[in-house]
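Descriptive structure summary
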Amino acid sequence: EPVAEAAEPVAEAAEPVAEAAAPAAEEKPKGKGRKREITLPAADLAVDTEYTGKVTSTVKYGAFVNIGTERDVLVHVSEISNEYVKEITDYVSNGDEVTLKLLSIGEDGKLQGTFILDNEVRAAWQEAKNERKKGGRRERGTKDVSGFADLDIREFMDGKVEKVVDAGAFVSVPSIAPGTWGWIHVSQIDSEDYVEKAADVLTQGQDLKVRVYKCEVETGNLVFSNKEFTGRARRGPRQQDGNEHLPAAMREALSAVTDDGPSNFPPPRGPRAPRRPRDDAAKEEETEEVVQDWQKEFDSWQSENAEEDNISFSFE
């Protein structure tokens, strides 16, 4: 009987252990991912309103931007720029801070936006796309830059910065072509200090004086410069420089040196004129002359060596 009584406290002592384990079971496991911070409720969103956000990912068909809502805004590839976009990463990349305009809010909560903030520019771009779909003259990927072809490359125009990336910016000149953007590289931005990123000196919507640096009507390539002209003026239209035969890399190098595009090299030499065919009579006559010359040389050698070696030859 004393042994049975001593065992009872042991059973009682085990009960607190079970009670202490209960709170641990109630604890929720910690999530692996980081919780999304919502700073802009969906109810506060408004179509045709600009928002600032950060690019979270890029795919072939567009880019996703976090503006503080529960869901990211999709900017379709056709809304990245007012020109044909082959590679989205040439315009935006993950982590870039961008400004977009909200286009639509779907019933399922999906958000769609555009990087083309100017309504007139976007309308012109949409019209150009519709023309191409209907079988218009302009080919895909080629924009109309003919309005800049004959402009003086020394004169500045009033431009507007439409989009800024690290390597440069896209600028429009509404007075010439409202729906056309040109590219200005970071090296062509006028500044007393070295410019590493275009965003350090330019902002979206900023007014900027630019001049035509390069204009290729056939390819739709339009490049601006913000620096004063230091090279020599071109006599003819800018796109007709006579150096289309040169490789693109060489033309770019020449452009950087002269600040006026490639120099006027003479056109490449064409193939040599083919020899006029000769008739059979002329060929036979030439062959006969060669044989006669050889026969004379052989006869001379034979006469010099016949006495010593007693060798005789005949030629047929």
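Throughout what follows, the structure given in this document is the object of discussion.

Our next topic: unusual backbone geometry. In the Ramachandran plot, aspartate 48 falls in the positive-phi region, its phi being about 65° despite a non-glycine side chain. By the element assignment, aspartate 48 lies in the loop between helix 1 (2-26) and strand 1 (50-59). Classification of aspartate 48 as partly exposed rests on a relative accessible area of 49%.

What follows covers the pattern of salt bridges. With the rule as written, the count across this model stands at 5 salt bridges. Lysine 101 is the salt-bridge partner of aspartate 48, the closest N and O atoms lying 3.8 Å from each other. Note that aspartate 48 is positioned in the loop between helix 1 and strand 1 and lysine 101 in strand 4 (residues 97-105), a separation of 53 residues in sequence. One salt bridge in this structure joins arginine 154 and aspartate 152, with 3.1 Å as the shortest N-O distance. Classification of arginine 154 by relative accessible area gives partly exposed; the value is 44%.

Moving on, we get to the packing of aromatic side chains. Summed over all chains, the structure comprises 5 aromatic pairs. Both rings, one in phenylalanine 148 and one in phenylalanine 224, keep their centres 5.7 Å apart while their planes meet at 65°; by these two values the pair is edge-to-face. Placement of the pair is phenylalanine 148 in the loop between helix 2 (119-133) and strand 6 (157-165) and phenylalanine 224 in strand 10 (residues 221-225), with a sequence separation of 76 residues. Note on phenylalanine 224: relative accessible area 1%, which makes it buried. An aromatic cluster of three or more residues is present, and its members are Tyr91, Phe170, Trp181 and Trp183. Taking the ring centre of phenylalanine 115 as reference, the NZ or CZ of lysine 163 above it sits at 4.5 Å.

Relative to the helices and strands, isoleucine 67 resides in the loop between strand 2 (62-66) and strand 3 (73-76). Relative accessible area serves as the criterion here: at 8%, isoleucine 67 is assigned to the buried category. Each C-alpha atom of the pair isoleucine 67 and isoleucine 38 lies 8.9 Å from the other, and the pair is 29 residues apart in sequence. Setting aside residues up to four positions removed in sequence, isoleucine 67 forms contacts with Thr39, Leu40, Leu45, Tyr51, Thr52, Gly53, Val73 and Leu100.

The rules behind each value
- Residues numbered from 1 in each chain as written.
- Predicted model: local features only at pLDDT ≥ 70, side-chain atom pairs only at ≥ 80, totals over all residues.
- Heavy atoms only, no water.
- Helix = DSSP H or I, 4+ residues; strand = E, 2+ residues; numbered from the N terminus.
- Buried < 20%, exposed > 50% of the residue type's maximum accessible area, 1.4 Å probe, protein only.
- Salt bridge = Lys/Arg side-chain N within 4 Å of Asp/Glu carboxyl O.
- Phe/Tyr/Trp six-rings, centres within 6.5 Å; stacked < 30°, edge-to-face > 60°.
- Lys NZ or Arg CZ within 6 Å of the ring centre and 35° of its normal.
- Contact = heavy atoms within 4.5 Å.

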